[in-house]
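Coordinates in review
Residues per chain are reported as follows:
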Amino acid sequence: MKLSNRITHITPGGSDGWEVFYKARALKNAGAAVTELTIGEHDIRTHPSILEAMHASAKGGHTGYAAVPGTQALREAVATRIQTRTGVATGPENILITPGGQAALFATHNAVCNEGDTALFIDPYYATYPGTIRGIGAKPQAIPAYPENGFQPRAADIEKHAKGATSLLINTPNNPTGAVYTPETLQAIAQTCIEHDIWLISDEVYDTQIWDGTHLSPRALPNMADRTLVVGSMSKSHAMTGSRVGWICSHEDVIEHLINLATHTTYGVPGYIQDAALFALNEGSPLEDEVSAPFARRRKITEALLATQNIVKGSPISGAMYAMLDIRATGLSGQDFANDLLDIHQIATMPGESFGTAAAGHIRVAMTIDDEAYTKALQTLLDFAKDHAA
Ligand code: PMP
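Everything in this summary refers to the structure shown in the same document. (Residues numbered from 1 in each chain as written. Predicted model: local features only at pLDDT ≥ 70, side-chain atom pairs only at ≥ 80, totals over all residues. Heavy atoms only, no water.)

**What to know about helix H11 (residues 285-306)**
Structurally, the α-helix is built with 3.6 residues per turn, so residues lying three or four positions apart point the same way. The condition that has to hold: Secondary structure is summarised from DSSP: a helix means a run of H or I of at least four residues, a strand means a run of E of at least two, and numbering begins at the N terminus for each. Given a helix with a known number of residues, its expected span is that number minus one, times 1.5 Å. With a 1.4 Å probe rolled over the protein chains alone, any residue whose accessible area is under 20% of its type maximum counts as buried; one over 50% counts as exposed, and the rest are partly exposed. By definition in these notes, contact holds between two residues if any of their heavy atoms fall within 4.5 Å.
The end-to-end C-alpha separation of H11 is 30 Å, in line with the 32 Å expected for 22 residues at 1.5 Å each. Among all positions in H11, only Leu287, Glu288, Val291, Ser292, Pro294, Phe295, Arg298, Arg299, Thr302, Leu305 and Leu306 are buried. Looking at the buried positions of H11, the neighbouring elements they touch are helix H3 (48-59), helix H4 (72-86), helix H10 (271-282), strand E9 (313-314), strand E10 (322-326) and helix H13 (371-389).

In structure tokens form, the structure reads like this:
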């Protein structure tokens, strides 16, 4: 029996650059003491008060089918949050609640791309991007953003691929690079989208994790609100990765069609999860700050340790929970560096090559273990790099 091309082509065969990660997990499962600086997940769990709200909602009977577009209260809360942060008029009709940001990425591409259309995205990229695009039958086209430019995409590089493309997916604050796109970068992106009539899909799941600069949602730029689909999530902002709750914010006509898609795919998000998300959003910025504080601290630790040596170069960690480190001075590829670091010191990192081609010769460190262990692991990594360079 033959499966569809759509599903069998989501991920191409061969190396996916995640071998170091799989090896680290296998070692860990076999009982080895591996320090994992790999996955973008908090070392804290969902706040007990959010779990209490979830429990109370479920006990109260919100366990049946929930409204497919999302509960009115949660759609309103998300709309208010977005309007407050961006100044763009936003109502519940602009919001669809989704089972996390990943489902939103799939749905947004499904909404704007036909089979065979070209969907652009920026390299280095979050692991699922090309597969998500292939999964809806479109053609992924990467646009490189170079380390020399702080991983900010340049207008000229986008322009090269813009002609005939249907959509462009961007992510700021960025995983895996920690870059926060500047207003100039976003203006240039918006300009290209307008000139070439391209939909912009803006993945803003790290919007509460800003260490330098400010988060600017491109939906707020002139003439962009009607061609932008914003992807948001409670995963990173509220340590709710396992709850699977996020949203899409766009023009109400786009949302109408996306609700229809949701009716025929997910059939909504559990009511008690939505009530928990509503509670969490109503707690406002103190809770968001509490969740993001560990990364702010570890970003400082990273910068302080990097400043003690001159072999490993850090790209500016302006946002999110990652440090992208340039290890080219060791003469190793990111892949070889990560492999050796795992074999010799049982420290697992992600080779830059796992995120495309533009971050070759780099490794991504997720700042997702406690401060003391993180400091120790990073120091070992820097000493290891120094030995190699020598
Ligand atoms: N976008 C980016 C850039 C991410 O890093 C992630 C998760 N690592 C997601 C989207 C998806 O997150 P979720 O589905 O948990 O909302």
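**Things to note about the packing of aromatic side chains**
As a reminder of what qualifies: Two aromatic rings from Phe, Tyr or Trp, using only the six-membered ring of Trp, form a pair when their centres are within 6.5 Å; if the ring planes differ by under 30 degrees the pair is stacked, by over 60 it is edge-to-face, and anything between is tilted.
Overall, the coordinates contain seven aromatic pairs when judged by the stated rule. Judged by centre distance (5.4 Å) and plane angle (70 degrees), the rings of Tyr65 and Tyr267 are edge-to-face. A residue pair is termed long-range when its members are at least 10 positions apart, and Tyr65 in the loop between H3 and H4 and Tyr267 in the loop between helix H9 (252-263) and H10 qualify at 202 residues. Classification of Tyr65 as exposed rests on a relative accessible area of 77%. A ring pair is formed by Phe121 and Tyr125, whose centres lie 5.0 Å apart and whose planes are at 80 degrees; its orientation type is edge-to-face. When sorted by exposure, Phe121 lands in the same class as Tyr125, which is buried. Members of the aromatic cluster, connected to one another through ring pairs, are Trp18, Phe21 and Tyr22.

**Notes on the side chain of Asn175**
In this structure, Asn175 sits in the loop between strand E5 (167-171) and helix H8 (183-195). The class for Asn175 is buried, based on a relative accessible area of 4%.

**With respect to the nonpolar core**
Note the cut-off: Here the nonpolar core consists of buried residues drawn from Ala, Val, Leu, Ile, Met, Phe, Trp, Tyr and Cys, with membership extended through side-chain atoms lying within 4.5 Å. Source of the domain bounds: an automatic or database domain assignment.
With 62 residues, the main nonpolar core has Leu258, Leu325, Phe337, Ile363, Val365 and Leu381 as its most contacted residues. Examining the composition of this core, we find that seven residues originate from one element, H13, more than from any other. When residues of this core are assigned to domains, at least three fall in each of domain 1 (5-45 + 286-389) and domain 2 (64-283). Excluding its chain neighbours within four sequence positions, the residues that come into contact with Leu325 are Leu306, Val312, Lys313, Gly314, Gly361, His362, Ile363, Val365, Leu378 and Leu381. Among the nonpolar cores identified, the runner-up in size contains 23 residues, and Met240, Val245, Ala276 and Leu287 belong to it.

**As for a negative patch on the surface**
We apply this condition: Grouping into patches uses exposed residues only, defined as over 30% relative accessible area, and leaves out salt-bridged ones; the cut-off is 9 Å for like charges and 5 Å for nonpolar side chains (Val, Leu, Ile, Met, Phe, Trp, Tyr). All accessibility values rest on the Shrake-Rupley procedure with a 1.4 Å probe; residue burial counts only the protein chains present in the view. Definition used for salt bridges: Asp or Glu carboxyl oxygen within 4 Å of a side-chain nitrogen of Lys or Arg. Counting rule applied: Lys, Arg positive; Asp, Glu negative; His and chain ends not counted. Each charge is placed at NZ for Lys, CZ for Arg, CG for Asp and CD for Glu.
Taken together, the side chains of Glu93, Asp226, Glu252, Asp253 and Glu256 present a region of like negative charge at the surface. Tracing the chain through its elements places Glu256 in helix H9. Using a relative accessible area of 52% as the deciding quantity, one classes Glu256 as exposed.

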